[in-house]
Amino acid sequence: MNQHTALLDVRDLVVRYGAVTAVDHVSFTVDAGETLALNGPSGCGKSSTVAAVLQLRRPESGSVRFEGRELTTLSERELRPLRPRMQPVFQDPYGSLSPRHRIRDAVAEPLRVQGRWDAAGPARVAALLDRVGLDPAYGDRFPHELSGGQCQRAGIARALASEPRLLVLDEPVSALDPSVRAGVLNLLADLQDDLGLAYLFICHDRAVVRHFADRAVEMRGGRLVPA
Ligand SMILES: Nc1ncnc2c1ncn2[C@@H]1O[C@H](COP(=O)(O)OP(=O)(O)OP(=O)(O)O)[C@@H](O)[C@H]1O
């Protein structure tokens, strides 16, 4: 008998917007500690897949099992304690941080919301900023006072504050200056080694996929095709 349980197991996922089928019976798995790349041209359904995996948009049908639990049948209330364990990092580094909050508060927010804020909170935030290669003094700044690469690092620190097991990386370096992309990808690789994180890595750049991913699947017109 096969005892293996994937961290994320997506089966026959279907996402529709009215008459448009954006994701058409897509199945894949991501194991603990591995990187699966989901690759494909614009409009093929990558973001819709991400939204359904994160249960930001409920799929039409299909199954999303995370840590052995079926997410599609859970209520919003039942999902709440599981959400910290699967964190998104989006393409637009400024979009994932509120422009009105200092970086320190953005990184602290998950700790506060999850009831984990205590006297050690400020040191925890400083350690998270340091871990992503940002001088903790940057905690005083607002997102617009950081470069795109620094802002993406801050977004990663915020995601790490939730102590996730899976990061859903939706084109995390595509909006960045080519000169800083490698630094952010190296950071993600280091974090994976240190923390055993799994990555679902959405990317349209085949060279990056080849370099960064353990496995890759390719999407066309809402379906998976051989990579
Ligand atoms: N909210 C929506 N309403 C209607 N159609 C949508 C909506 N979101 C996406 N679509 C359609 O679903 C299909 C898949 O879009 P999706 O954004 O998931 O693809 P993608 O591969 O992520 O593209 P991109 O890389 O450009 O973001 C496209 O045909 C798109 O036009």
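Residues numbered from 1 in each chain as written. Predicted model: local features only at pLDDT ≥ 70, side-chain atom pairs only at ≥ 80, totals over all residues. Heavy atoms only, no water.

As recorded by an unreviewed UniProt entry, the protein chain carries the name ATP-binding cassette domain-containing protein and is attributed to Streptomyces heilongjiangensis. Of the comments in the UniProt record for the protein chain, the one headed Sequence similarities (unreviewed entry) reads "Belongs to the ABC transporter superfamily." (UniProt positions renumbered as here; feature names shortened; annotations may be inferred.)

Visitor: Now, about the sheet that holds strand S2 (residues 20-30): what can you tell me, with residues and values included?
Guide: Hydrogen bonds along the backbone pair up the strands of a sheet, which may run parallel or antiparallel. Across the sheet, which stays open at both edges, the four strands sit in the order S2-S1-S4-S5 with antiparallel pairing between neighbours. Every other strand in the sheet has two partners, leaving S2 and strand S5 (69-70) as the edge strands with one partner each. Helix-sheet contacts for helix H1 (residues 46-53) involve strand S1 (8-17), S2 and strand S4 (61-66), and the interaxial angle to S1 is about 115°. (Pairing = 2+ DSSP bridges. Helix = DSSP H or I, 4+ residues; strand = E, 2+ residues; numbered from the N terminus. Contact = heavy atoms within 4.5 Å. Axes fitted to C-alpha atoms, helices over the stretch in contact; angles between N-to-C directions.)

Visitor: Please provide a residue-by-residue account of the pairing of strand S9 (residues 215-220), values included.
Guide: Note that strand S3 (residues 35-39) and S9 share four bridges and pair parallel. The residue of S9 that forms the bridge with Ala37 is Ala216. In this structure, S9 lies alongside strand S10 (residues 223-225), joined through three bridges in antiparallel fashion. Each bridged residue has a counterpart across the sheet, and for Arg220 the counterpart in S10 is Arg223. Linking S9 back to S10 in an antiparallel pair, the connection comprises two residues, with Gly221 at a positive phi of about 55°.

Visitor: I'd like a rundown of the site of the ligand, residues and numbers included.
Guide: The immediate surroundings of the ligand are formed by Tyr17, Ala22, Pro41, Ser42, Gly43, Cys44, Gly45, Lys46, Ser47 and Ser48. At 3.1 Å from an oxygen atom of the ligand is found a main-chain nitrogen or oxygen belonging to Cys44. Take Ser47: an N or O atom from its main chain is 2.7 Å from an oxygen atom of the ligand. Out of a free accessible area of 630 Å², the ligand has 55% covered by protein chains. (Near = heavy atom within 4 Å. Polar contact = N/O pair within 3.5 Å; in protein donor to acceptor, adjacent residues only side chain to side chain. Areas by Shrake-Rupley, 256 points an atom, 1.4 Å probe, with all protein chains shown as cover.)

Visitor: Run through helix H5 (residues 148-161), naming residues and quoting values.
Guide: With 14 residues, H5 ought to run about 20 Å at 1.5 Å a step, and its terminal C-alpha atoms sit 20 Å apart, in line with that. Taken together, the buried positions of H5 are occupied by Gly148, Gly149, Cys151, Gln152, Arg153, Ala154, Gly155, Ile156, Ala157, Ala159, Leu160 and Ala161. In this structure, the buried side of H5 is in contact with strand S6 (86-89), helix H3 (103-113), helix H4 (121-131), strand S7 (166-170) and helix H6 (178-195). Of the residues one or two after H5, Glu163 is the one with positive phi, at around 55°. (Expected span 1.5 Å × (residues − 1). Buried < 20%, exposed > 50% of the residue type's maximum accessible area, 1.4 Å probe, protein only.)

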